[in-house]
Amino acid sequence: MVTPLRENGGLDRPGLNNLIEHILAGGVHGIFLLGTTGEGPSLSHALRKQLVSEACAIVNMRVPVLVCITDTSLQESIELATHARSAGADALVVAPPYYLPISQAEMCDYLKCLAPLLPLPFLLYNMPSCTKLHLSLETVGLARKLGAIGIKDSSGDMEFLYSLIRQYKDGSNFSIITGTELFIPETITNGGQGAVAGGANFFPALFVQLYEATLTNDLEKISNLRKMVARIGETIYDVGKHRSKYIKSTKCVLSLMGICNDFMAPPLTPFNAVQRAEIKANLSEFTYDNEYYLAR
């Protein structure tokens, strides 16, 4: 989930309520706070805690809430984990600490230190484009032994994703969740459990329906919905020049839909008027009927 912000950097509380209700109305099975799309590392620790508290109150146990506690400081991660538990969150998410490059061995040592101190179940988060470390199967295995209940893999590496599924799909009680939207059918078909899809901020029903169609092996529906997901990537996500365009475009769409503001946490800035107009034109390509999303 994105973090709705005001122009002054504070939490957009009406936008937060609108966004959560919009996402839940689309049928999602859980909400993931303070991940990459949520700009977690760019927010103050106070704002992170405020978001967790207010989001948990709005959700009110209707679906599980997962909170990413990744930080450059071990102590700050533990403090946010403790706060998440008191706020009513259901699980934590842990990625490698960012900025300083670390080895697999150092990540394992970090997990051995962190895991026993966590007050809630935790998932790993493999996000090498932001953390500099692509988690190995051995590191994932250690995390599971330390209590991890699953992993969100946002590496975009399908071979690695398949390796994870093969390793844990037979009665392991360890969930494999993709962060790559186009991989949803492959993930579910091969034995994975689901996806964390940033596009579900604005089109939640699309991703829920793609998941459900894969469960029932509805090949025609899978094909139609996957074309929609691909088209989002070719249009909405492709505005702007920089790698931050995915987050900016997601917030821009939500702003155009009247759900929340599109203000960003520094160092990011919102799209300019030209880019916003392009997003608006791209958004007009999509429509929705009572069955599922369709491209016009």
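All residue numbers refer to position in the chain's written sequence, counted from 1. Predicted model: local features are reported for residues with pLDDT of at least 70 only, side-chain atom pairs are reported and counted for 80 or more only, and whole-chain, interface and lining totals are derived from all residues. Where side-chain values are given, they derive from all heavy atoms of the structure, hydrogens and water being excluded.

Visitor: Would you mind showing me how to read the overall build of the protein chain here?
Guide: Think of it this way: any DSSP run of H or I at least four residues long counts as a helix, any run of E at least two long counts as a strand, and we number them from the N terminus. Scanning the protein chain from terminus to terminus reveals twelve helices and nine strands. C-alpha atoms of the protein chain, sized along the principal axes, occupy 50 × 45 × 35 Å. Per-residue burial for the protein chain yields a buried fraction of 52% across its 296 residues. Element-wise, carbon and sulfur atoms account for 52% of the exposed surface of the protein chain, whose accessible area totals about 13200 Å². Under the counting rule used here, the positive set is Lys and Arg, the negative set is Asp and Glu, and His together with the chain ends is not counted. Charge placement uses NZ in Lys and CZ in Arg. For Asp and Glu, CG and CD serve respectively. Once the 25 positive and 28 negative side-chain charges of the protein chain are each reduced to a mean point, those two points are 3 Å apart. Categorising residues by exposure relies on relative accessible area from a 1.4 Å probe, with only protein chains included: less than 20% of the type maximum marks a residue as buried, more than 50% marks it as exposed, and the intermediate range marks it as partly exposed. The Shrake-Rupley method, run with a 1.4 Å probe sphere, supplies the accessible areas, and residue values consider only the shown protein chains as cover.

Visitor: Explanation requested: the pairing of strand S2 (residues 65-68) in the structure shown.
Guide: Regular strands show a simple pattern: their side chains alternate between the two faces of the sheet. The two faces of S2 match: Val65 and Val67 on one face and Leu66 and Cys68 on the other face are all buried. Across three bridges, the pairing between strand S1 (residues 31-33) and S2 is parallel. Following the sheet pairing, Leu33 is matched in S2 by Val67. Regarding the hand of the β-α-β motif, the stretch spanning S1, helix H2 (residues 45-59) and S2 is right-handed. Strand direction decides the pairing type here: S2 and strand S3 (residues 91-94), joined by three bridges, are parallel. Pairing between two strands is assigned when DSSP locates at least 2 bridges connecting them. When the strands point away from the viewer, a crossover counts as right-handed if the path from the first strand over the helix to the second runs clockwise.

Visitor: What am I meant to see in the sheet that holds strand S4 (residues 122-126) here?
Guide: Whenever strands of a sheet pair, they do so through backbone hydrogen bonds, lying parallel or antiparallel. Judged by pairing direction, the sheet is parallel, and its seven strands sit side by side in the order S1-S2-S3-S4-S5-S6-S7 without closing on themselves. Two strands close off the open sheet at either side, each with one partner strand: S1 and strand S7 (194-195). Any pair of residues with heavy atoms lying within 4.5 Å of one another is described as a contacting pair. Working convention: axes come from line fits to C-alpha atoms, limited for helices to the stretch in contact. Angles between N-to-C directions cover 0 to 180 degrees. Each of S4, strand S5 (150-153) and strand S6 (175-178) touches helix H7 (residues 158-168); the most contacted strand, S6, lies at about 160° to it.

Visitor: Is there a simple way to think about empty space enclosed by the protein in this case?
Guide: Rolled over the atoms, a probe as big as a water molecule pinpoints where empty space is left. The distinction between a cavity and a pocket rests on a 1 Å grid over the protein atoms alone: a 1.4 Å probe fits inside a cavity but cannot get out, while a pocket stays open yet meets protein on both sides within 12 Å along at least five of seven lines, and a residue with an atom within 4 Å of a point counts as lining. Grid points are joined across faces, edges and corners, and a volume is the space filled by probe spheres set on the points. In total, this model carries two cavities of 30 Å³ or more according to the counting rule given. Taken as a whole, the largest cavity encloses approximately 40 Å³ of empty space. What lines the largest cavity is Phe32, Leu66, Val93, Leu123, Lys152, Ile177 and Val196. Grouping the amino acids of the lining of the largest cavity by side-chain chemistry returns six nonpolar, no polar and one charged. By volume, the second largest cavity is sized at about 30 Å³. Of all the elements in the fold, those that place two or more residues in the lining of the second largest cavity are H2 and helix H3 (74-87). Residue classes follow a fixed rule: Ala, Val, Leu, Ile, Met, Phe, Trp, Tyr, Cys and Pro count as nonpolar, while Asp, Glu, Lys and Arg count as charged, and any other residue, Gly among them, counts as polar.

Visitor: What should I look at first to understand the nonpolar core in this one?
Guide: Soluble, globular proteins show a tendency: their nonpolar side chains are buried together. By size, the foremost hydrophobic cluster in this structure holds 94 residues, and its most contacted members are Leu33 and Val67. Here the element with the most residues in this core is H2; it accounts for seven residues. Discounting residues that sit within four places of it in the chain, Leu33 has contacts with Met1, Leu51, Val52, Ala55, Val65, Leu66, Val67 and Cys68. By convention a nonpolar core is built from buried Ala, Val, Leu, Ile, Met, Phe, Trp, Tyr and Cys residues, the set being connected through side-chain atoms within 4.5 Å.

Visitor: Help me understand the pattern of salt bridges in this model?
Guide: Pairing between side chains becomes possible if they bear opposite charge and their charged atoms approach one another. By salt bridge we mean one thing: a side-chain nitrogen of Lys or Arg within 4 Å of a carboxyl oxygen of Asp or Glu. In the structure shown here, the tally under the stated rule is ten salt bridges. Between Arg62 and Glu21 there is a salt bridge, with its nearest N and O atoms 2.7 Å apart. Placement of Arg62 in the loop between H2 and S2 and of Glu21 in helix H1 (residues 13-25) is noted, with a sequence separation of 41 residues between them. Across the pair Lys245 and Asp238 runs a salt bridge, and its minimum N-O distance is 3.0 Å. Assessed through its relative accessible area of 44%, Asp238 is described here as partly exposed. If you follow the salt bridges from partner to partner, you end up with Arg231, Glu234 and Glu285 in one network.

None of the figures reported here should be taken as evidence of function without further support.
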